[in-house]
Amino acid sequence: MSIVFKPDETFRGDYSYRNSDEAILRFPFPFPDDQYMYSVNMEPHQPKGASAVYEHGFDVDEHYIAECRDKAITLERDPGRCQVLPHMQMAEWDTLELLMDSLSADYPEHFSLSKTGTDFGAHWTWINRPLGIEQSFVFGDAATLPCGSFEYITRQAQGDFAICDQREDNLFLDAGMVTSQADWSLDFNVGMSFMQWHGPVPLAHQAGVFERALKYLLMIRQGQPVRRLNWTMTVNPRLDTAPETFPEWGPDRASLTPENIGRKLHLRVELQTLWRLPRSNALLFPIRCYLASLDELVRVPKWGKRLSRVLATLPPPLAEYKGLSRFLPTAVAYLAAFDDGSAISKGT
Ligand code: HEM
């Protein structure tokens, strides 16, 4: 089905972002059980699963144009949201190739790619119809693009992208385009290793989650991407919730009341995928953010019930880390009205 874009919606200022009925129904609701705890929740990234967002390698939806515009605003204000360490140039081109190949194959009505070859030096032409872009360039020659190849292609994709260099049986966060993150800083984390950048996460280290996850990630093979969901909550449909802009969005947490929480509080779900890149052997980590207000979510009765139970039983250290403590009781009280106490089948 062709995507009907909503080019004028906003993720700041008047926050006019909303989900259509179709977007609510395809929302990647992340809770298969009534309780939530961190786990190594990874599975093959294949076109099957509970949500239509898994249909393609890189999901494009009705918010595409508006999200790319919001990303451009954030980059204009803070160019440091895109950083690439010098040894990551090969991985940059790997990322451009993967995204252009995938988007043009999966959404031919919106994106086209023609090439004279796949080696460096080949001539490529890229057409992005929703954003009105046509660009001819030499694959491998950044001087033929308006900016670096990683920045060029990730400006035209929804969500954030990290590239991890793999060496010494470890992963290092050596490149990123990060404009819609859940309160972590690329500028602070760039160059860190897997355990270092996960340092602030509570409970998961002790449970061995990161040790097992790292072993799994080091073995990921080209052509066999994997995925996992992560979640938090955000006041207003705001993409840019970085520590750098905390003064702009942090105080909103104190603005929630029983009357406005259904409209203002959003479940923020990240579809995280992991892709082995062919030339560099680096690992690409796209983080695609989906936002839905409580009022939108409770339109699916089993989601309202489940979210009510998950939030009511959330371990306090997780609530604190995710920044929910201040408004959690108001959210739980609001959602209780949507829980009749009956059992819900396992799964989403
Ligand atoms: C949180 C990056 C893979 C589990 C985070 C944070 C970052 C991050 C930057 C925020 C840390 C902070 O508070 O400053 C990445 C990158 C990955 C990756 C670049 C790619 C290799 C994984 C995997 C798992 C995982 C495979 C699987 C278990 C978590 C968890 C959190 C977290 C549980 C806490 C999230 C929350 O409660 O909202 N990650 N991560 N990460 N990561 Fe990862």
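For the structure itself, look to the data block above.
Let me begin by describing the structure that accompanies this report. These figures come from a predicted structure and were not determined experimentally.

## Here's the deal with the nonpolar core
- Leu171, Trp231, Met233, Leu265, Leu267 and Leu307 are the most contacted members of the largest nonpolar core, which totals 60 residues.
- When residues of this core are assigned to their parent elements, the largest contribution, six residues, is made by helix α7 (residues 209-218).
- Once residues within four sequence positions are removed from consideration, leucine 307 is found in contact with Phe29, Phe31, Leu267, Leu294, Leu297 and Leu335.
- By size, the runner-up hydrophobic cluster in this structure holds 39 residues, among which are Trp126, Cys147, Phe161 and Leu277.

## Re the pattern of salt bridges
- For the structure shown, the criterion picks out 25 salt bridges.
- Linking aspartate 59 and arginine 288 is a salt bridge whose minimum nitrogen-to-oxygen distance equals 3.4 Å. One end of the pair, aspartate 59, is in the loop between β1 (43-44) and α2 (64-77); the other, arginine 288, is in strand β10 (residues 283-293), and 229 residues separate them in sequence. Grouping residues by exposure puts aspartate 59 and arginine 288 together as buried.

## Considerations on the packing of helix α11 (residues 301-312) against helix α13 (residues 328-336)
- Relative to each other, α11 and α13 sit at 145 degrees, their axes nearing to 9 Å. Seen from above, α11 lies across α13 with left-handed handedness. On the side of α11, the interface is formed by Gly304, Leu307, Ser308, Leu311 and Ala312, while α13 contributes Leu328, Ala331, Val332, Leu335 and Ala336.
- Of the residues in the contact of α11 with α13, the class split is eight nonpolar, two polar and no charged.

## Focus: the site of the ligand
- Taken together, 22 residues surround the ligand, and among them Tyr38, Trp197, His198, Tyr321 and Lys322 come closest.
- In this structure, an oxygen atom belonging to the ligand sits 2.4 Å away from a side-chain N or O atom of tyrosine 38.
- Within the side chain of asparagine 230, an N or O atom sits 3.4 Å from an oxygen atom of the ligand.
- At the level of elements, α6 (194-197), α7 and β8 (226-235) are the ones that each hand at least two residues to the shell around the ligand.
- Considering every element that reaches the shell around the ligand, the biggest residue donor is α7, with four residues.
- Here the residues of the shell around the ligand sort into 16 nonpolar, four polar and two charged.

What counts as what
Residues numbered from 1 in each chain as written. Predicted model: local features only at pLDDT ≥ 70, side-chain atom pairs only at ≥ 80, totals over all residues. Heavy atoms only, no water. Core = buried A, V, L, I, M, F, W, Y, C linked by side-chain atoms within 4.5 Å. Buried < 20%, exposed > 50% of the residue type's maximum accessible area, 1.4 Å probe, protein only. Helix = DSSP H or I, 4+ residues; strand = E, 2+ residues; numbered from the N terminus. Contact = heavy atoms within 4.5 Å. Salt bridge = Lys/Arg side-chain N within 4 Å of Asp/Glu carboxyl O. Axes fitted to C-alpha atoms, helices over the stretch in contact; angles between N-to-C directions. Left-handed = near helix turned anticlockwise from the far one by under 90°. Nonpolar A, V, L, I, M, F, W, Y, C, P; charged D, E, K, R; others polar. Near = heavy atom within 4 Å. Polar contact = N/O pair within 3.5 Å; in protein donor to acceptor, adjacent residues only side chain to side chain.

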